[in-house]
Amino acid sequence: MRNLFYLIFNFFLLTPCLLFVFTSVFTSVMTMTITTTARGEVDVLVPLTVPEGLQLIDKPNDNGQALMLLWKKNSSANSSAPENDKISYEIIIAENQNGPFFPVGKIIAPFKTKYDFPQLFGYAKENKEYYAFEIKGYTKPNEVKAGEVKEGEKPKTTDVLLSPNVTYYVKVKVLEEISTTPLKFNEKELNEVLSATTKGNWFATNKTNSVLILIFLTVVIMLYIYWAQRNPHGLFIRKIAGLDAMDDAIGRATEMGKMALFVHGLRSVSDVPTIAAMNILGRIARKIAEFDAELKVSHWDPIVQQVSQETVKEAYIEAGRPDAYKEENIFFAAGDQFSYAAAVEGVMVREKPAAIFHFGYFYAESLLLSETGAQTGAIQIAGTDAFTQIPFFITTCDYTLIGEELYAASAYLSREPKLLGGIKGQDVGKVAIIAVLILGTIFTTCGWERFSQLFWP
Amino acid sequence: MSAIDTDSNSNSNSDMNSNSHNKTNEWWIFAVFFSIIIIANAILLGSGSLKWGWSGVGIMMAAAFTIGLYSFLYQDNPLFKMAEHFYVGIATAYLIIVTWYSVILTDIIYALRDLWSQPFSSTIFWQMMAIILPTMIGLLVYTRLVPSISWLSRITFAVIIGFGSGLAIPNAINAYILEQLKPSMMPLWTSAGGIAWGALVIFFGVITTLVYFFFSLEHKGVIGKTAKIGIWFLMISFGASFGYTVMARFSLLIERINFLFRDWIPLING
């Protein structure tokens, strides 16, 4: 049975990896092929200052509301280089080949290349040889009746966004600055009318690596959850110091006959740190109910408060003490960052809790809260993944859970298979990241970037 | 037993005495503080440093509340309590107003009114549904007021958490894995042939820190030593972050002092 499990595990672990590498290589090859074909289609011979190989294409990986104008870097040694800041291009667009044409905008040097849009065209070096300009919309003059516009008054215009599944026609006007004072341009409108149809894409190919990583992590986590359900004590999670102190803190509150205060961070209920904090709150509430101590929970968001009420109530019921649950103790403090800090500080100094728990995502109020808590003499345990606030908790709290320890905490405390599986799966993900990092750095150092590009966003 | 009762009686008597003493003290603090504020503002108005009007009243109130909140640096006191309760009340009132005008009116009532005024079609119907359904789900939160159907509020929480996680997970992979991997895989040699120290530090820093956050193995032996290097990297970065944030906090303090001694009492010139 165990061999079969390992076989399945290896299959699921390796298949996404191979699929990932295969798809990425395939995508890279396809991108290169398309680029070559596009280059082969260049047949427009134009005067010296005119862009070479103009192309209008539908913008890849979008919702069908943009086009891309591409042209080749001017290779002629005698020509005015397109990088020349004296040259600019004016783009006009229409929904019919014969017009009316409306202005899109002016393209001024320095121009962006296809390489500057890696989400659309990838990281192929050939992309540096093509300029690219994104067309999202145009300016259309408002319809006016005769006599409505006064003399000297500019006609009003409306910005129109491109629509999906519409064929647009684009013309390019080349402007060459011949004098600055007074500003004079040599204009040349190209005869060629470019056309392309906007199309929405169901699949954003630039996110292929994200999807494959998601599948890989999901499969690994699911397998570990399955494993944890079959053998909940077989999965090891290392000791997290702050969590062992949690029971001591609750015990201290019980012995002193004082309350424990749980302070939520400033994020909504759908944010991951808040969800992690909620799991920890459930565990703390259960212990508090078992010890017959008092728990107060402060909130910044009314919806988080509602979820907390449910969580704490459930914990009290699980502990067999539904009568001890007090809804008014799970309170809304304030809806603004610093007024929340002021209100919670007030609770701390007036009610002097024996234990204070700060869990979730905190901002500048972290030091105000934890410093006040420290002054009241409470034992404080904090956990946050807010990188800039961790130092403040480290300096003022007795124990601090750093970053991901916050997520591991709920699994460590509850030993629930789902959470344990999640932590184990993430560890496999970290090993994979370390492997990619080492290989990527070695290959990049050797001058081969193709491998690391597979993992670029 | 009787000794305990006597103790508790004497304790409650002393608590009552202390409470009434505290209340008298609180009134004195209020009286002295407001007298000083009124006299100071009268002098400032009289000398023309402050102008009478809404802006002048705003400055006077902001100054009083600022001092009230800073008084917490000494200890908890009635001035801080007053400022705290005003602050919480005003912030909540502001939140309600913002929600009413920018969410309920704009996104629900006006949006539905505009759709209602247009000729009915399947597109309009679905656009209306896109407003009505989320509103209905939101309103389910109020079922918590009726205990027998309060379970319905869980639907709202499930939808919010589900949507949030669904949106967050793909973005997290992009932001926390791919975006971080890109600048971490740099060449360790410079084009001139030397060692790229910056890239080397990042390379070792990222790997050792990742090892610290590895929960499946005990931090012993090689793993323990690597994790220890990782925690050093973390602490150095926390130190830098601490210093940077403290500097930012000082700028907030300077801004408040600037307000008190430039906008309110004109002691700072320029």
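Residues numbered from 1 in each chain as written. Chains lettered and ligands numbered in written order. Predicted model: local features only at pLDDT ≥ 70, side-chain atom pairs only at ≥ 80, totals over all residues. Heavy atoms only, no water.

Colleague: Looking at this structure, how should I read the overall build of chain A?
Modeller: For chain A, the count of helices and strands is 12 helices and 16 strands. For chain A, the residues scored as buried account for 50% of the 457 residues in total. Expressed as a percentage of contacts within chain A between residues at least 6 apart in sequence, the contacts between residues at least 24 apart total 68%. By element, 56% of the accessible surface of chain A is carried by carbon and sulfur atoms, the whole surface being about 22,000 Å². (Helix = DSSP H or I, 4+ residues; strand = E, 2+ residues; numbered from the N terminus. Buried < 20%, exposed > 50% of the residue type's maximum accessible area, 1.4 Å probe, protein only. Contact = heavy atoms within 4.5 Å. Areas by Shrake-Rupley, 256 points an atom, 1.4 Å probe, with all protein chains shown as cover.)

Colleague: How should the overall build of chain B be read in this particular structure?
Modeller: The helix and strand tally for chain B stands at seven helices and zero strands. Reading chain B from its N end, one meets helices and strands in the order α-α-α-α-α-α-α. A compact globule built from 270 residues would reach a C-alpha radius of gyration of about 18 Å, whereas chain B, at 30 Å, exceeds it by more than 25%. C-alpha atoms of chain B, sized along the principal axes, occupy 70 × 70 × 65 Å. Within chain B, the proportion of its 270 residues that are buried is 26%. Looking at chain B alone, contacts between residues at least 24 apart form 33% of all its contacts between residues at least 6 apart. Approximately 18,100 Å² of chain B is accessible, and the part contributed by carbon and sulfur atoms is 73%. (Rg over C-alpha atoms; globule rule 2.2 N^0.38 Å.)

Colleague: What exactly am I supposed to notice about the interface of chain A and chain B here?
Modeller: It is common to give the size of an interface as the accessible area lost on bringing the parts into contact. Facing 67 residues of chain A, the contacting portion of chain B comprises 55 residues. Here chain A and chain B share an interface that buries about 5,500 Å² over both sides, 72% of which is from carbon and sulfur atoms. Viewed at the interface, chain B and chain A are joined by five salt bridges. Across the salt bridge formed by Glu310(A) and Arg154(B), the nearest N and O atoms sit 2.6 Å from each other. Across the chain A-chain B interface, the total number found is 17 residue pairs in polar contact (both at pLDDT 80 or more). Among the secondary structure elements, those contributing two or more residues to the side of chain A that touches chain B are helix H3 (208-230), helix H6 (302-318), helix H7 (337-351), helix H8 (365-375), helix H9 (390-396), helix H10 (405-414) and helix H11 (417-445) of chain A. The leading source of residues in the side of chain A that touches chain B is H11(A), at 14 residues. (Buried area = accessible area lost by both parts, 1.4 Å probe. Salt bridge = Lys/Arg side-chain N within 4 Å of Asp/Glu carboxyl O. Polar contact = N/O pair within 3.5 Å; in protein donor to acceptor, adjacent residues only side chain to side chain.)

Colleague: Help me out: how do you make sense of a nonpolar patch on the surface in this one?
Modeller: Residues and elements named next belong to chain B. A cluster of nonpolar side chains, namely Tyr-70, Leu-73, Met-247, Phe-250, Leu-253, Ile-254, Ile-257, Phe-261, Leu-267 and Ile-268, defines an oily patch on the protein surface of about 970 Å² accessible area. By residue number, the principal contributor to the nonpolar patch is helix H7 (residues 221-264), which donates six residues. Structurally, Met-247 is set in helix H7. Under the relative-accessibility criterion, Met-247 is labelled exposed at 57%. (Patch = residues over 30% accessible without salt bridge, like charges linked within 9 Å, V, L, I, M, F, W, Y side chains within 5 Å.)

Colleague: Is there a simple way to explain the domain arrangement of chain A in this structure?
Modeller: Domain boundaries assigned for chain A yield domain 1 (1-40 + 203-233 + 419-457), domain 2 (47-144 + 155-202) and domain 3 (238-414). Centre-to-centre, using C-alpha coordinates, domain 2 of chain A lies 56 Å away from domain 3 of chain A. (Domains from an automatic or database assignment.)

Colleague: Where do I start with helix H2 (residues 54-70) of chain B in this structure?
Modeller: Structurally, the α-helix is built with 3.6 residues per turn, so residues lying three or four positions apart point the same way. End to end, H2(B) covers 24 Å across 17 residues, agreeing with the expected 24 Å (1.5 Å per residue, within 8%). Taken residue by residue, H2(B) has Gly56(B), Ile59(B), Met60(B), Ala63(B), Ala64(B), Thr66(B) and Gly68(B) as its buried positions. (Expected span 1.5 Å × (residues − 1).)

Colleague: Which parts of the structure should I look at to understand the domain arrangement of chain B?
Modeller: Residues and elements named next belong to chain B. Along its sequence, chain B is carved into domain 1 (2-117), domain 2 (120-185) and domain 3 (187-270). Counting from both sides, the interface comprises 13 residues of domain 1 and, opposite them, eight residues of domain 3. Summed over both partners, the interface of domain 1 with domain 3 buries about 850 Å², with 78% contributed by carbon and sulfur atoms. Put simply, domain 1 and domain 3 have zero salt bridges between them. The interface formed by domain 1 and domain 3 holds two residue pairs in polar contact (both at pLDDT 80 or more) in total. Listing elements by their share of the side of domain 1 that touches domain 3, those giving two or more residues are helix H1 (2-47) and H2. Across the side of domain 1 that touches domain 3, the residue classes tally to 10 nonpolar, three polar and no charged. (Nonpolar A, V, L, I, M, F, W, Y, C, P; charged D, E, K, R; others polar.)

Colleague: Is there a simple way to think about the sheet that holds strand S2 (residues 67-72) of chain A in this case?
Modeller: All names here are of chain A. Reading across the sheet, the three strands line up as S1-S2-S5 and stay open at both edges, with antiparallel pairing between neighbours. Two strands close off the open sheet at either side, each with one partner strand: strand S1 (52-58) and strand S5 (130-135). Neighbour to neighbour, the strand axes of the sheet diverge by 20 degrees on average, direction disregarded. As paired strands, S1 and S2 are joined by five bridges and run antiparallel to one another. Bridge assignment links Ile-57 to a residue of S2, and that residue is Met-68. (Pairing = 2+ DSSP bridges. Axes fitted to C-alpha atoms, helices over the stretch in contact; angles between N-to-C directions.)

Colleague: Looking at this structure, how should I read H8(A)?
Modeller: Residue and element names in this part refer to chain A. Among the residues making up H8, those that are buried are Glu-365, Ser-366, Leu-369, Ser-370, Thr-372 and Gly-373. All buried residues of H8 lie within an arc of 160 degrees about the axis, which places them on one face of the element. Residues of H8 that are buried sit in contact with strand S11 (259-264), H7, strand S14 (355-359), strand S15 (379-384) and H9. Phi for Gly-377, located one or two positions after H8, is positive at around 85 degrees. (Arc of directions from axis to C-beta.)

Colleague: Please clarify how the sheet that holds S11(A) should be interpreted in this entry.
Modeller: The pairing of strands in a sheet happens through backbone hydrogen bonds and is either parallel or antiparallel. All names here are of chain A. Ordered by their spatial adjacency, six strands build an open sheet running S13-S12-S11-S14-S15-S16, and the pairing between neighbours is parallel. The open sheet terminates on both sides in strands that have one partner only, identified here as strand S13 (330-332) and strand S16 (399-402). Within the sheet, the average angular offset between the axes of one strand and its neighbour, ignoring direction, is 15 degrees. As judged from the three bridges shared by strand S12 (residues 294-299) and S13, these two strands associate in the parallel manner. Residue Val-297 lies in a different strand from S13, and its bridge partner there is Ile-330.

Colleague: Honestly, the side chain of Ser150(B) in this entry has me stumped. Any pointers?
Modeller: The topology assignment puts Ser150(B) in the loop between helix H4 (122-139) and helix H5 (153-184). Apart from the residues lying within four places of it in its own chain, the contact partners of Ser150(B) are Thr143(B) and Arg144(B).

Colleague: Quick question: what am I supposed to make of the packing of H3(A) against H11(A) here?
Modeller: A pair of packed helices is captured by two measures, namely the crossing angle of their axes and the spacing between those axes. Residues and elements named next belong to chain A. Remark: H3 packs on H11, axes separated minimally by 7 Å, with the N-to-C direction vectors making an angle of 135 degrees. In terms of orientation, H3 lies oblique with respect to H11. Crossing handedness for the pair H3 and H11: right-handed. Along the contact surface, H3 presents Phe-216, Leu-217, Val-220, Ile-221, Tyr-224, Ile-225, Ala-228 and Gln-229, while H11 presents Pro-417, Lys-418, Leu-420, Gly-421, Gly-422, Lys-424, Gly-425, Gln-426, Val-428, Gly-429 and Ala-432. The class makeup of the residues in the contact of H3 with H11 is 11 nonpolar, six polar and two charged. (Parallel < 35°, antiparallel > 145°, perpendicular 65-115°, else oblique. Left-handed = near helix turned anticlockwise from the far one by under 90°.)

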